[in-house]
Structures are given as C-alpha cells and as structure tokens.
Amino acid sequence: MEIRRVGVVGAGQMGSGIAHVLALSGYEVLVTDTSPEALAALPRTVARNMDRQVTKGTVSGADRDAALKRLRPTPSLSLLGQCDMVIEAATEREAVKIAIFESLVPHLAPRTILATNTSSIPITRLAARTDRPERFLGVHFMNPVPVMQLVELIRGLATSDETFAAAEELVKRLGKTAAVARDYPAFIVNRILLPMINEAAFALMEGVGDVVSIDTAMKLGTNQPMGPLELADFIGLDTCLSIMTVLHDGLGDSKYRPCPLLRTYVEAGWLGRKAKRGFYDYRGETPVPSR
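Remember, it's a predicted structure, so these values are computed and weren't measured experimentally.

(A) Seen up close, the nonpolar core. Of all hydrophobic cores here, the largest spans 36 residues; its most connected members are Leu 22, Val 29, Val 31, Met 85 and Phe 141. With six residues, the single largest contributor to this core is helix H1 (residues 13-24). In this structure Met 85 touches Ile 3, Arg 5, Val 6, Gly 7, Thr 112, Ile 113, Ala 115, Val 139 and Leu 170, once residues within four positions along its chain are discounted. Ile 214, Leu 229, Phe 279 and Tyr 280 belong to the second-largest nonpolar core, a separate cluster that totals 29 residues.

(B) Structural view of the packing of aromatic side chains. In this structure the tally under the stated criterion is four aromatic pairs. Both rings, one in Phe 101 and one in Phe 136, keep their centres 5.3 Å apart while their planes meet at 85 degrees; by these two values the pair is edge-to-face. Of this pair, Phe 101 sits in helix H4 (residues 94-104) while Phe 136 is found in strand E6 (residues 136-141), placing the two residues 35 residues apart along the sequence. Accessibility classification places Phe 101 together with Phe 136 in one group, the buried group. Aromatic side chains Tyr 280 and Tyr 282 sit 6.4 Å apart centroid to centroid with 50 degrees between the ring planes, which places their arrangement in the tilted category. The same class applies to Tyr 280 as to Tyr 282, namely buried. Ring-pair connections join several aromatic residues into one group, and the members of that group are Tyr 265, Trp 270 and Phe 279.

(C) Spotlight on helix H8 (residues 211-222). With twelve residues, H8 should cover 16 Å at 1.5 Å per step; its first-to-last C-alpha distance of 16 Å lies within 8% of that length. Taken as a whole, H8 has its buried residues at Val 211, Ile 214 and Asp 215. Buried residues of H8 fall within an arc of 95 degrees about the axis and therefore sit on the same side. Facing away from the buried surface of H8 by more than 90 degrees, the exposed residues are Leu 220 and Gly 221. Its buried side turned inward, H8 meets helix H7 (189-205), helix H9 (228-235), strand E9 (280-281) and strand E10 (288-289). Asn 223 sits one or two positions beyond H8 and adopts a positive phi of about 60 degrees.

Criteria and thresholds
- Counting restarts for each chain, with residues numbered from 1 along the sequence as it is written.
- Reporting in this predicted model follows two pLDDT cut-offs: at least 70 for local features of residues, and 80 or more for side-chain atom pairs to be given and counted; totals over whole chains, interfaces and linings ignore these cut-offs and use all residues.
- Just so you know, side-chain values use all the structure's heavy atoms and leave hydrogens and water out.
- The set of buried Ala, Val, Leu, Ile, Met, Phe, Trp, Tyr and Cys residues whose side-chain atoms join them within 4.5 Å is what this entry labels a nonpolar core.
- Accessibility here uses a 1.4 Å probe with only protein chains present; expressed as a share of the type maximum, an area under 20% marks a residue as buried, one over 50% as exposed, and anything in between as partly exposed.
- Each helix is a run of H or I in the DSSP string that is no shorter than four residues. Each strand is a run of E no shorter than two, and both are numbered from the N terminus.
- Should any heavy atoms of two residues lie within 4.5 Å, those residues are counted as being in contact.
- When two rings of Phe, Tyr or Trp (its six-membered ring) have centres within 6.5 Å they constitute a pair, described as stacked for plane angles under 30 degrees, edge-to-face for angles over 60, and tilted for the intermediate range.
- Expected span, for any helix, means 1.5 Å times one less than how many residues it has.
- Here, the arc refers to the directions that run from the helix axis to the C-beta atoms.

Here it is in structure tokens:
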C-alpha cells in the first residue's frame, strides 16, 4: 500500500502544517478548504514557514522550492479522489468531520486510506460513518506541525494491519516519531494535557491565582516552556472546550467536567490567539492578561 499523493482537508493552522511537512518529505499534496480565503493564503503561509527553516539552515532553498511545487490547493473536494491517502484536518467538531467524510467518500478509490487528525473524537465512531472502516485511522499531529516531532497513531476497531503499517511508514518518512494510542477519548497527549489546562482555568475562576501567577508558577515550578493558560490560548479555547466535553461525555467522570469559566470565554468569542482575546489580550504590542 504505497502512498505517493496525499490529500488534506482543511487549510487552517493544522492543515497547512500537515501539508508543509508532507510536501517537504516528497509527497504530492492536494489541499482543499471550504474557505476561499484560507485556501488562497495557504501557499504564502507554507512558503513563509519554510523560509524560516531555510534561514535556520534546517531546510535548503532547493528543497523548499521543490516542496512548494508539490503543493497544490484545490477548491474541489472531489479532486482528492485521486489521492492514495486523505487526511481530514478540519475543526474539532464531530458533525463537521462526519459531513466531510460523507461528501468525500463517493470520490475515493477503494484503496484510498482515510485518516483524521482529530485530537479527541473516537476513531471507531468516525470510521463507522464511512464505507471503509478497515482503511480508516487516526493520525494526530501536534501543533505546530513542522516543529513538533510526535504523531499519535490510533487504530479503530476495524483498522487493518496493512493500513496501520502504511501510516507508520508515512510518519517515519516525515522524520517524526509515532506513539500508538488506543481508541479512548482524547488518546494520550490530550487525555493528560487538557485536564491540566482545565484545572488551571478552575484555579483562575476560584481566585487561587491570577493569569500571570498561574502561568509563572507552572513554568518555573514544573519547568514547562509555556504556562497552561498561555498554552490554552495557543491551542484555541474552543478546541480545549471541545476536548474536555469529549472526555467528560466519553468517560463519564466528573473530574473531566469543563470549567465554567472556559465555557464563558468560548461563548464570548474569546478563543485565544486566533481571536486576539482569550486568557490574554493580544490586541496590543504585547499580550496582557485579560483577567
């Protein structure tokens, strides 16, 4: 099951990052998105990020130029049918992902592998909404994709050995390390990380510390490069809330109850860096705490 051409559904932060590393690793990459603006911005975003790598000396100018030629944005989901593998990298909402799969499946060849970059939604449940559960799996990249070395690989109940082996080979060719996770809500990384972020939101809500104190305590007290509230803003508070909801609904344990303050921020549209407001306010020259 050789993979030469890969489709990516979603031209946002994750989708563009996945397309970036695929193209650099020699794959032909087709990217689609429902937003014409996001699709138009994709080549510039990828080129800018590759330029940084060239400046640092981690990528040669020739490799950058060759990679950009392998990257092809397309407004048509149907054109992804010519790919050997398609990776869905849309927003972390189950209904959105299912709608994508239902639109995509009629265009796929029987051999095409279908993967999801979901950070929390059960793989078996998503696979069941397609015509190919044996050729379906979770391939969860970390953000930012060009920098982070880990990829979680998650088998669904029906995922075949051949499909899993092909995904493992792809991760290896990208120069990344695979961690194999069982199909439980939020898998490994977010099962551990998001409850910490959620608890930081509870500590803020209850007045245990302010934004700066909580982030400083965790950075200096546990040697983390980024405090949990700053990290939540980077991830996106809507994504954090979605993952906590999946954990709470899927495992039925009250310790995963999403923090009401986190929910309030999302309802206000304060989604973090991408909205320029979250636990920090990013509208000025430097971020300042919003609370």
